[in-house]
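# Structural overview
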Amino acid sequence: MPAEAVATMSHNWGFAIFLLGVAGLCAFMLGVSSLLGSKAWGRSKNEPFESGMLPVGSARLRLSAKFYLVAMLFVIFDVEALFLFAWSVSVRESGWAGLIEATIFIAILLAGLVYLWRIGALDWAPEGRRKRQAKLKQ
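Cut-offs and rules
Residues numbered from 1 in each chain as written. Predicted model: local features only at pLDDT ≥ 70, side-chain atom pairs only at ≥ 80, totals over all residues. Heavy atoms only, no water. UniProt positions renumbered as here; feature names shortened; annotations may be inferred. Helix = DSSP H or I, 4+ residues; strand = E, 2+ residues; numbered from the N terminus. Buried < 20%, exposed > 50% of the residue type's maximum accessible area, 1.4 Å probe, protein only. Contact = heavy atoms within 4.5 Å. Areas by Shrake-Rupley, 256 points an atom, 1.4 Å probe, with all protein chains shown as cover. Patch = residues over 30% accessible without salt bridge, like charges linked within 9 Å, V, L, I, M, F, W, Y side chains within 5 Å. Salt bridge = Lys/Arg side-chain N within 4 Å of Asp/Glu carboxyl O. Phe/Tyr/Trp six-rings, centres within 6.5 Å; stacked < 30°, edge-to-face > 60°. Expected span 1.5 Å × (residues − 1). Bend = angle between axes of the 7 residues up to and from the residue.

Identification of the protein as NADH-quinone oxidoreductase subunit A from Zestomonas carbonaria is taken from an unreviewed UniProt entry. Quoted straight from UniProt, the Subunit (unreviewed entry) entry for the protein says "NDH-1 is composed of 13 different subunits. Subunits NuoA, H, J, K, L, M, N constitute the membrane sector of the complex." Reading the Catalytic activity (unreviewed entry) entry of the UniProt record for the protein gives the comment "a quinone + NADH + 5 H(+)(in) = a quinol + NAD(+) + 4 H(+)(out)".

Below, the structure is given as structure tokens:
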């Protein structure tokens, strides 16, 4: 057998042993927890318990669509920070071209933020309060 075939076969055997070890470890942990775990059942045992507080009310909570809009905006601007961090790490290698590209990137996202601000996507105030503030400004 060629040396490459032996190396590939030994690599595959090593990977197979690793997978068997992972499966065995998972089976061991699940088996031990089922053997040693509590078997008591009751009303209080089956209730959800989070952070030391008993649940109150319904789990059906309606959230405003603005909540999701702000969450999406957060993700967009979080990704912007991620890209700018990666750019700042390689700023010396990217040179002036990288600086111009980063400036254009920031300008586009800033234009998007100004657009969102102008259409009121970031305004959480109730409609009545907005109208009162508009009257006070006049």
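## Some words on the overall build of the protein
Across its full length, the protein carries four helices and zero strands. Ordered by position from the N terminus, the helices and strands of the protein form the series α-α-α-α. The buried share among the 138 residues of the protein stands at 6%. Sequence separation of 24 or more characterises 50% of the internal contacts of the protein that already satisfy a separation of 6 or more. As displayed, the protein offers around 12600 Å² of accessible surface, 70% of which is attributable to carbon and sulfur atoms.

## A look at a nonpolar patch on the surface
On the surface, a nonpolar cluster with roughly 750 Å² of combined accessible area is contributed by Leu61, Leu63, Phe67, Tyr68, Val70, Met72 and Trp124. With a relative accessible area of 46%, Tyr68 lands in the partly exposed category.

## Section: the packing of aromatic side chains
If you walk through the whole model with that rule in mind, you get two aromatic pairs. Geometrically, the ring pair formed by Phe83 and Phe105 is edge-to-face, given 5.9 Å between the ring centres and 80° between the ring planes. With Phe83 in helix 2 (residues 65-89) and Phe105 in helix 3 (residues 91-119), this pair connects stretches of sequence that are 22 residues apart. Phe105 sits in the partly exposed class, given a relative accessible area of 28%.

## Here we look at the side chain of Glu80
Note on placement: Glu80 falls in helix 2. Setting aside residues no more than four positions away along its own chain, Glu80 makes contact with Phe105, Ile106 and Leu109.

## What about the UniProt feature "transmembrane region" (unreviewed entry) in the protein?
The residues that UniProt annotates with the feature "transmembrane region" (unreviewed entry) are residues 12-36, 67-89 and 95-117. Its end C-alpha atoms 33 Å apart, residues 67-89 is made of 100% helix and 0% strand.

## Structural notes on helix 3
Between its first and last C-alpha, helix 3 extends only 35 Å over 29 residues, short of the 42 Å set by a 1.5 Å rise per residue. The largest bend along helix 3 measures about 75° and falls at Ala97. When we look at burial in helix 3, the residues that qualify are Gly98, Ala102, Leu109 and Leu116. Close packing links the buried residues of helix 3 with helix 2.

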